[in-house]
Amino acid sequence: MFDHSDLGALRDASLRMQGHIRKQTFSPEHEKTLRRFSSWEVAELILQVNQNTFRSRLAADPSLPAGVVEPDGRQRWFSLDEVNELRRRMRVNRQSLMPVRPANRRAIRVAVANFKGGAGKSTTALHLAHAAALDGYRVLTVDFDPQATLSHSMGLSDVSEEHTVWGIMARDLMRETERMNRVARGAESGRTLPQRRLPASIAETGLGDLRATDFIASTCWSTIDIVPSCANAAFVEFASAQYRHVNPDWSFFAAVDRWLDTLPPDAYDMVIFDCPPAIGYQSMNAVFAADILYIPSGPGYWEYDSTTSFIGQLSEALGDLTEFDEGADFPAGKSQKGFLDVRFLLTRYEPGNELHRAMRDAFMKVFGDRMTLHPIEHTRAVEQSGRFLSSVYEIDYRDMTRETWRRARSTFDAAYAEFKTHVLAAWDNLEETP
């Protein structure tokens, strides 16, 4: 008979294999590093300026980053920081190359969510984050999924559960309970109201003393940070149920929303959530904190069925919470949760597959203008990027034919360009920060 100790042993063996895979996948130091980008990529694909114009600007201003020249002198290669320095200092036709960011607005928050595993949530979140970073935006990613695919793809694996979303929620419980106790002690009636007590298992963790930024880890992308996840964080669903009994007045679905509100409004431009394949305490925290809901789905019938179930159950959950707390400030002063935008995105799409085309037509008929126009196509390069825990943007085009790489990148570029259009439209409708 297999019990918890046997399962724990299997997990330990798997974790050792993870370490071996990381050694084979990342650099000799076992850390993920970001490659440099060729002058061709920087000009044509990142800054989107003519190569001759780009070269002439570099020649005219020796103070601009010059990159690293190949031994044969044919190509220059630039780091991401150098690309961003070029973006800040260069102007083309008197136009700035800096990305559009609405003034006096905090970072826009996007939840990538669906019920079904394998729908492409982590792949979508990873590529949108990398595309946004190459576009000049500062990105915070939040990994809500205990499978931690996004965290591993960002190069993080040695993560303690205290520094995951679970830690944010536990810290919020401690701070909200203390705030409520202070309010109770200072009640206008002059009568001291009952105090809520946290068990030692929570109070003595030390999480209450952590700063908001202590949950944020850097990545090999200098303009992308992450709140990572790990397998041990899976118990957050059980822990959250216990926390609700500890303090029934705690608005636990608003924990991440409150935490994000403590960050400086200009610390990041975009916040992207990678949600678990379930509706639970973690995913609902993402939902309540999000401004935009992005729902990826594969092009099969079962993916369509799962997507339908997901939006149905999410609708019921939000409706039940609204009715249950009607008239109350829940959560975080919000009596009803709404999104600035909701979009559906097809992933793993094969244009030559008749079934995929038929399912795309079905998605379009049902979801109408909520359906994105540019699906993410399934290509060999996309498949290879997933196998090596990298995005297409991280793969060096010299590792395959340039045409294969360009085709894979173009599908994500088109999806990101459409995503950016929706984000900017929603961003303008955010309330201005004080």
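Residues numbered from 1 in each chain as written. Predicted model: local features only at pLDDT ≥ 70, side-chain atom pairs only at ≥ 80, totals over all residues. Heavy atoms only, no water.

K.L.:
Sorry if this is basic, but what is going on with the sheet that holds strand β12 (residues 341–346) here?
P.N.:
Strand pairing in a sheet relies on backbone hydrogen bonds, with the paired strands running either antiparallel or parallel. Taken in spatial order, the seven strands make up an open sheet running β8-β9-β7-β10-β6-β11-β12, and their pairing is mixed. Here the strands that pair on one side only, and so sit at the sheet edges, are β8 (217–218) and β12. In terms of strand pairing, β8 meets strand β9 (residues 224–227) through two bridges, oriented antiparallel. Paired with Ser218 across the bridge in β9 is Asp225. Contacts from helix α5 (residues 121–134) reach β6 (108–112), β7 (139–143), β9, β10 (270–274), β11 (292–297) and β12 within the one sheet, and its direction differs from that of β10 by about 165°. (Pairing = 2+ DSSP bridges. Helix = DSSP H or I, 4+ residues; strand = E, 2+ residues; numbered from the N terminus. Contact = heavy atoms within 4.5 Å. Axes fitted to C-alpha atoms, helices over the stretch in contact; angles between N-to-C directions.)

K.L.:
It is not clear to me how the nonpolar core should be interpreted in this structure. Could you clarify?
P.N.:
For soluble globular proteins, the rule of thumb is that nonpolar side chains tend to be buried together. Judged by nonpolar contacts, the single largest core of 64 residues is most densely connected at Val42, Phe54 and Leu86. It is helix α15 (residues 402–427) that provides the largest number of residues to this core, a total of nine residues. Sequence-distant contacts of Phe54, that is, excluding residues within four places in its chain, are made with Ser39, Val42, Ala43, Leu47, Val49, Phe78, Leu86 and Met90. Counting 55 residues, the second largest nonpolar core, distinct from the first, contains Val271, Phe273, Tyr281 and Phe310. (Core = buried A, V, L, I, M, F, W, Y, C linked by side-chain atoms within 4.5 Å. Buried < 20%, exposed > 50% of the residue type's maximum accessible area, 1.4 Å probe, protein only.)

K.L.:
Looking at this structure, how should I read the pairing of β9?
P.N.:
For a regular strand, the rule is simple: side chains alternate between the two faces of the sheet. Across the two faces of β9 the burial is the same, with Ile224 and Ile226 and Asp225 and Val227 all buried. Between β8 and β9, which pair antiparallel one after the other, the connecting turn spans five residues.

K.L.:
Help me understand the sheet that holds strand β2 (residues 68–69) in this model?
P.N.:
Here we have three strands laid out as an open sheet, ordered β1-β3-β2, and antiparallel in their pairing. The open sheet has two edge strands, β1 (37–38) and β2, and neither has a second partner. One ladder, built from two bridges, connects β2 with strand β3 (residues 76–78); its direction is antiparallel. Bridge pairing links Val69 to Arg76 in β3.

The values reported here are purely geometric and, on their own, carry no functional implication.
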